[in-house]
Amino acid sequence: MDRGMRGENTLVEARGLVKEYGAGARVVDDVSFTIGRGETLGLVGESGSGKSTVARMLLRLVEPTAGEVTYDGRDLLVARASQMRALRRRMQVVFQDPYAALNPRMRVKEILAEPFAIHGERCGRERLEEMLAEVGLDGSALLRFPHEFSGGQRQRINIARALALRPEFVVLDEPVSALDVSVGAQVVNLLRELQQRYGLTYLFISHSMPLVRYLCDRVAVMQRGRLVELGECEQVCDAPREAYTRELLGATPEMRL
């Protein structure tokens, strides 16, 4: 079965998602797609196309105006607080800005221990050091503050925190757009390695078609809140149906990864 089709392999499904703000300002308009277990779906489009709003609705950080979201067959939008608490262990997000995402007043050991504390669990130094090792950082980083690290190192700390509770599904919201090209390439390769190691499912949000082509299995293209193209990554990148997709391909040069 194709991983884009609804079935037993589907982990996340969006059906007819709509989000309006204010007096009928529709920023997401009837968006539907599935994400299979272990798959990476790329969600691409220019700034303001609604990509991040869709992601936040999938995580129920934003309530949709209309539509449905299911996670592993469960309707997220009717889940009670206790149910959502359990489900949130299984889904995490890595945000775009590695500088804003970390509390500057907390040491790395406190940042990494925070997910465990939220769920009432203890976490020893050995586990924290293992988390850093997974993202290519040394245990000595635990006693340092975020300002002591480069942008790429901060994003690695963000990734370590997101994976702390061993989630199944991770939203990557433009995780390398604030980094320079060479550092961003290293982070993308790390994300790929972690996915293979732990069988993670990704929603990778980006405006860069070369990045999506490298990391993703399928790609969904958004324009002005609507999904205009959806298909296997190779097919969409090599033979796009929509003029807007061709514009995105032409606007982002190839990258060495």
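Scroll up to find the structure.
From a predicted model like this one, the values you see are computed outputs, not experimental measurements.

Attention shifts here to the pairing of strand β3 (residues 40-44). Judged by how many residues are buried, β3 sits mostly within the fold: five of five residues are covered. Residue alternation in β3 divides its side chains into two sets, T40, G42 and V44 and L41 and L43, and both sets are buried. In this structure, β3 lies alongside strand β8 (residues 201-206), joined through five bridges in parallel fashion. Looking at the pairing, V44 lines up with S206 of β8. As paired strands, β3 and strand β9 (residues 218-223) are joined by four bridges and run parallel to one another. Counted as the bridge partner of V44 is V221 from β9.

The full count for this structure, using the stated rule, is zero disulfides. With no disulfide of its own, C216 lies closest to C233 among cysteine sulfurs, the gap being 5.5 Å. In this structure C237 is not part of a disulfide, and its nearest cysteine sulfur, from C233, lies 4.2 Å away. A residue is classified by how much of its surface remains accessible, and C237, at 8% relative accessible area, is buried.

For the rest of this paragraph, the subject is unusual backbone geometry. With a phi close to 60°, R60 is a non-glycine residue in the positive phi region. With respect to the helices, strands and loops of the structure, R60 is situated in the loop between α1 (51-58) and β4 (66-71). Its relative accessible area of 18% is what places R60 among the buried residues. Unusually for a residue other than glycine, D72 sits at a positive phi of about 55°.

Below, the discussion takes up the packing of helix α5 (residues 151-162) against helix α6 (residues 181-198). Two numbers describe how α5 lies on α6: the axes approach to 10 Å, and their chain directions differ by 20°. In terms of orientation, α5 and α6 fall into the roughly parallel class. The chirality of how α5 crosses α6 is right-handed. Along the contact surface, α5 presents G152, Q155, R156 and I159, while α6 presents V183, Q186, V187, L190, L191 and L194. When its residues are assigned to classes, the contact of α5 with α6 shows six nonpolar, three polar and one charged.

Reading the values: rules and limits
Residues numbered from 1 in each chain as written. Predicted model: local features only at pLDDT ≥ 70, side-chain atom pairs only at ≥ 80, totals over all residues. Heavy atoms only, no water. Buried < 20%, exposed > 50% of the residue type's maximum accessible area, 1.4 Å probe, protein only. Helix = DSSP H or I, 4+ residues; strand = E, 2+ residues; numbered from the N terminus. Pairing = 2+ DSSP bridges. Disulfide = S-S within 2.5 Å. Axes fitted to C-alpha atoms, helices over the stretch in contact; angles between N-to-C directions. Parallel < 35°, antiparallel > 145°, perpendicular 65-115°, else oblique. Left-handed = near helix turned anticlockwise from the far one by under 90°. Contact = heavy atoms within 4.5 Å. Nonpolar A, V, L, I, M, F, W, Y, C, P; charged D, E, K, R; others polar.

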